[in-house]
Amino acid sequence: MSNKIELVKTAYIKGDYPPVLNSEIAFAGRSNVGKSSLLNKIFGIKIAKTSSNPGKTRSINFYSVNNKGYLVDLPGYGFASVSKEEKKKWAQLLEDYFTNRFSLQMVFLLIDHRHEPQKKDIEMIQWLRQLEIPFIIVLTKLDKLKKSERNKKLKIIQTELSKYGEYLYFPVSSKTGEGIGLLKSEIYKYLK
Ligand code: GDP
């Protein structure tokens, strides 16, 4: 059976969220980490690219899944070209969402599998921890790593992030589909 996915709301200002459903999960990550590709692969969502729609850089998009739960696309972080003012608005919007949206059950935090977690990723992890929001790490662009490098990279990332806590890790490739099935099962545990 195919899933019914609908864009219900695009929130540009804090508090402008749709009425809660049974469940809610959110996707976060640096810009360019592969979030749009992943959401497209898993849910068939086509997200307008930020370059063609600058306003989208700081909106929160709520998609309903089978009218039961939301998957929430959070604005990507780490844009080099974004003004201080824009970054502040981004942080305020996100902080409001994280602190006030009690229906949020899990954040899927995307990190590029090729690199060690960057300062902005660590800041996001610390932020989520502080707010006691549970999260799962999704390691993107797995296909860009040689098979022989994969375990080594995974260990490096796990060791680095173990300073902050114990997490689940899902290495995936939106290009080849590797790891997508496992991640999808995990995601749908929440969208009931
Ligand atoms: P977003 O900014 O996080 O939404 O990132 P996008 O999904 O737009 O991806 C950024 C770039 O990485 C694009 O050029 C994608 O084609 C590429 N990309 C995304 N996922 C993968 C992947 O799994 N494998 C490879 N090789 N490239 C990917």
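Caption draft 1: Representation of the packing of helix 1 (residues 35-43) against helix 5 (residues 180-190) within the structure. One way to put it is that helix 1 packs onto helix 5 with a least axis distance of 11 Å and a crossing angle of 80 degrees. In terms of axis orientation, helix 1 runs roughly perpendicular to helix 5. Touching Leu38, Lys41, Ile42 and Phe43 of helix 1 are Ile180, Leu183, Lys184, Ile187 and Tyr188, all from helix 5. A per-class count over the contact of helix 1 with helix 5 returns seven nonpolar, no polar and two charged.

Caption draft 2: Broad picture of the side chain of Ser59. Tracing the backbone through its elements, the reader meets Ser59 in the loop between helix 1 and strand 3 (60-65). Note on Ser59: relative accessible area 1%, which makes it buried. For Ser59, the side chain forms a polar contact with the side chain of Asn61, separated by 3.5 Å.

Caption draft 3: Spotlight on the side chain of Arg101. Summarising the element assignment, Arg101 is placed in the loop between helix 2 (84-100) and strand 5 (106-112). Using a relative accessible area of 7% as the deciding quantity, one classes Arg101 as buried. Not counting chain neighbours up to four residues away, the residues in contact with Arg101 comprise Tyr17, Pro18, Pro19, Val20, Glu24, Phe62, Tyr70 and Asp96.

Caption draft 4: Molecular detail of helix 1. Taken together, the buried positions of helix 1 are Lys35, Leu38, Leu39, Ile42 and Phe43. Projected onto a plane normal to the axis of helix 1, the buried residues spread over an arc of 95 degrees and lie on a single side. At the exit of helix 1 stands Gly44, carrying a positive phi of roughly 75 degrees.

Caption draft 5: Quick peek at the pattern of salt bridges. This model, assessed by the stated rule, comprises eleven salt bridges. The salt bridge partner of Glu123 is Lys119, with a shortest N-O separation of 3.5 Å. Of the two residues, Glu123 and Lys119 both sit in helix 3 (residues 119-130), four residues apart, roughly one turn of that helix. Its relative accessible area of 65% is what places Lys119 among the exposed residues. Between Lys163 and Glu160 there is a salt bridge, with its nearest N and O atoms 3.2 Å apart. Exposure remark for Lys163: the relative accessible area of 58% places this residue in the exposed category.

What counts, and where the lines are drawn
Residues numbered from 1 in each chain as written. Predicted model: local features only at pLDDT ≥ 70, side-chain atom pairs only at ≥ 80, totals over all residues. Heavy atoms only, no water. Axes fitted to C-alpha atoms, helices over the stretch in contact; angles between N-to-C directions. Helix = DSSP H or I, 4+ residues; strand = E, 2+ residues; numbered from the N terminus. Parallel < 35°, antiparallel > 145°, perpendicular 65-115°, else oblique. Contact = heavy atoms within 4.5 Å. Nonpolar A, V, L, I, M, F, W, Y, C, P; charged D, E, K, R; others polar. Buried < 20%, exposed > 50% of the residue type's maximum accessible area, 1.4 Å probe, protein only. Polar contact = N/O pair within 3.5 Å; in protein donor to acceptor, adjacent residues only side chain to side chain. Arc of directions from axis to C-beta. Salt bridge = Lys/Arg side-chain N within 4 Å of Asp/Glu carboxyl O.

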